[in-house]
Amino acid sequence: MLRTGNQLRLTRPERARLARITAIEPGSIRSVADLQAYVRRCKAHYWGHSDDTRFLHWLIEREVQSLTGR
């Protein structure tokens, strides 16, 4: 990920990894707010309380943390 202040740009491998995990294309992510909105959209799409859903939500969060360093 390339980041300058609040602006960011995902690299092609990062975009592919997110799409592979979520089966939802990241689209145009240009800021931290866009990335957070993408995560909310993915979690809303895969909602529920099953172990699989909780694992997927954890995996999405883990990937985003590895991208942002937070």
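Scope of this entry: the structure provided in the associated data block. The model shown is predicted, which means the values in this text are computed figures rather than measured ones.

## Details of the overall build of the protein
And step 1. Along the protein, the regular secondary structure elements total three helices and two strands.
And step 2. The order of α-helices and β-strands along the protein, N terminus first, is β-β-α-α-α.
And step 3. Taken over the C-alpha trace, the protein has a radius of gyration of 12 Å; the compact-globule value for 70 residues is 11 Å, and the two agree within 12%.
And step 4. Viewed in the frame of its principal axes, the protein has a C-alpha envelope of about 40 × 20 × 15 Å.
And step 5. Expressed as a percentage of the 70 residues in the protein, the buried residues total 33%.
And step 6. Accessible area of the protein: about 4900 Å², with a carbon and sulfur share of 52%.

## Here we look at unusual backbone geometry
And step 1. One non-glycine residue, Ala23, adopts positive backbone phi at about 65 degrees.
And step 2. Along the chain, the position of Ala23 falls in the loop between helix H1 (12–22) and helix H2 (32–45).

## Brief notes about H1
And step 1. Residues of H1 that are buried include every one of Glu14, Leu18, Ala19 and Thr22, and no others. For H1, the angular spread of buried residues about the axis comes to 135 degrees, placing them on one side. In H1, the exposed residues that point more than 90 degrees away from the buried face are Arg12, Pro13 and Arg20.
And step 2. Considering only its buried residues, H1 is in contact with strand E2 (7–9), H2 and helix H3 (51–68).
And step 3. Trailing H1 by a residue or two, Ala23 shows a phi angle of about 65 degrees, which is positive.

## Considering the environment of His57
And step 1. As for its placement among the helices and strands, His57 is situated in helix H3.
And step 2. As for His57 and Arg40, which are separated by 17 residues in sequence, their C-alpha atoms are 9.9 Å apart.
And step 3. Not counting residues within four places of it along the chain, the set of residues in contact with His57 comprises Lys43 and Tyr46.

## Concerning the nonpolar core
And step 1. One finds Leu8, Leu10, Leu18, Ile29, Tyr38, Cys42 and Ile60 to be the most contacted residues of the largest nonpolar core, which totals 14 residues.
And step 2. The greatest single-element share of this core, amounting to five residues, is contributed by H2.
And step 3. Residues within four places of Ile60 in sequence aside, it is in contact with Ile21, Thr22, Val39 and Cys42.

Calculation rules
- Residues numbered from 1 in each chain as written.
- Predicted model: local features only at pLDDT ≥ 70, side-chain atom pairs only at ≥ 80, totals over all residues.
- Heavy atoms only, no water.
- Helix = DSSP H or I, 4+ residues; strand = E, 2+ residues; numbered from the N terminus.
- Rg over C-alpha atoms; globule rule 2.2 N^0.38 Å.
- Buried < 20%, exposed > 50% of the residue type's maximum accessible area, 1.4 Å probe, protein only.
- Areas by Shrake-Rupley, 256 points an atom, 1.4 Å probe, with all protein chains shown as cover.
- Arc of directions from axis to C-beta.
- Contact = heavy atoms within 4.5 Å.
- Core = buried A, V, L, I, M, F, W, Y, C linked by side-chain atoms within 4.5 Å.

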